[in-house]
Amino acid sequence: MTDVRQVQVTVDCADPRGLATFWSAMLGYECPAPPPGFDSWDAFADTLPAEARNARWATEDPGGVGPRLFFQRVPEEKTVKNRLHLDVRAAPGLEGADRMAALEAECERLMVLGASRVSRTDPELPMELGFIVMTDPEGNEFCLD
């Protein structure tokens, strides 16, 4: 019998808290509770040296089903297309015009949060349901599908 492992998705970025806030709003995730003895993450951050503040941030599925997302500050900027990206299921069970309308509505909501639209692929080919490629506020690609 094979043991199933949980995964954490780690994202290198410039602003861990800001990017975690974006992904939390997109996915319905929540920030974990602060360490024991602190009533907020800001109170905890006040105990850290300035260079350690906003160096890391996480967000989690409150239902415990989806993977934890971990954001870590790195000095370099994103320079090329991701070799790995997330597909965000924004229109499960929908097809055709209804699916694309749902994807467009979610695209609009995410652009208000800071995402950018890259392209749209319509469901014209066999086995192609249609999707929208987007980037988060730091340029990391993801698809609405």
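Please refer to the structure placed before this passage.
1. Focus: the sheet that holds strand S2 (residues 56–59)
Okay, so step 1: Taken in spatial order, the 3 strands line up as S1-S3-S2 in an open sheet, and their pairing is mixed. Looking at strand neighbours, the two that pair on one side only are strand S1 (8–13) and S2, the edges of this open sheet. In this sheet, adjacent strand axes meet at a mean angle of 20° when their direction is disregarded.
Okay, so step 2: Pairing geometry for S1 and strand S3 (residues 68–73), over 6 bridges, is parallel.

2. Some details on the side chain of arginine 99
Okay, so step 1: Checked against the element boundaries, arginine 99 lands in helix H3 (residues 96–113).
Okay, so step 2: Among buried Asp, Glu, Lys and Arg side chains, arginine 99 stands out as unpaired, with aspartate 145 the closest opposite charge at 4.6 Å.
Okay, so step 3: Beyond its immediate sequence surroundings of up to four residues, arginine 99 is in contact with Ala91, Leu94, Leu129, Gly130 and Asp145.

3. Thoughts on the packing of aromatic side chains
Between two aromatic rings, the relevant description is the distance of the centres plus the angle of the planes.
Okay, so step 1: Under the counting rule described, the total for this entry stands at 6 aromatic pairs.
Okay, so step 2: Where phenylalanine 22 meets tryptophan 23, the ring centres are 5.9 Å apart and the plane angle is 90°; that geometry is what we call edge-to-face.
Okay, so step 3: Between tryptophan 41 and phenylalanine 44 the ring centres are 5.7 Å apart and the planes differ by 90°, which places this aromatic pair in the edge-to-face class. Highlighted residues: tryptophan 41 and phenylalanine 44, both in helix H2 (residues 41–45), separated by 3 residues, approximately one helical turn.
Okay, so step 4: An aromatic cluster of at least three residues, connected via ring pairs, comprises Phe38, Trp41, Phe44 and Trp57.

4. Notes on the sheet that holds strand S4 (residues 86–88)
Backbone hydrogen bonds are what pair the strands of a sheet, in a parallel or an antiparallel way.
Okay, so step 1: Read from one edge to the other, the open sheet built from 4 strands follows the order S4-S7-S6-S5, with strand pairing classed as mixed. Single-partner strands in this sheet number two, and they are S4 and strand S5 (116–121). Each strand axis lies, on average, 25° off the axis of its neighbour in the sheet, ignoring direction.

5. Re the packing of helix H1 (residues 16–27) against H3
Each pair of packed helices gets described by two things: the angle between the helix axes and the distance between those axes.
Okay, so step 1: Taken N-terminus to C-terminus, the directions of H1 and H3 make an angle of 155°; their axes are 10 Å apart at the nearest point. Relative to H3, the element H1 is oriented roughly antiparallel. Of the two possible hands of crossing, H1 and H3 adopt the one that is right-handed. Touching Phe22, Ala25 and Met26 of H1 are Glu106, Arg109, Leu110 and Leu113, all from H3.
Okay, so step 2: Of the residues belonging to the contact of H1 with H3, the class tally is 5 nonpolar, no polar and 2 charged.

Calculation rules
Residues numbered from 1 in each chain as written. Predicted model: local features only at pLDDT ≥ 70, side-chain atom pairs only at ≥ 80, totals over all residues. Heavy atoms only, no water. Pairing = 2+ DSSP bridges. Helix = DSSP H or I, 4+ residues; strand = E, 2+ residues; numbered from the N terminus. Axes fitted to C-alpha atoms, helices over the stretch in contact; angles between N-to-C directions. Buried < 20%, exposed > 50% of the residue type's maximum accessible area, 1.4 Å probe, protein only. Lys, Arg positive; Asp, Glu negative; His and termini not counted. Salt bridge = Lys/Arg side-chain N within 4 Å of Asp/Glu carboxyl O. Contact = heavy atoms within 4.5 Å. Phe/Tyr/Trp six-rings, centres within 6.5 Å; stacked < 30°, edge-to-face > 60°. Parallel < 35°, antiparallel > 145°, perpendicular 65-115°, else oblique. Left-handed = near helix turned anticlockwise from the far one by under 90°. Nonpolar A, V, L, I, M, F, W, Y, C, P; charged D, E, K, R; others polar.

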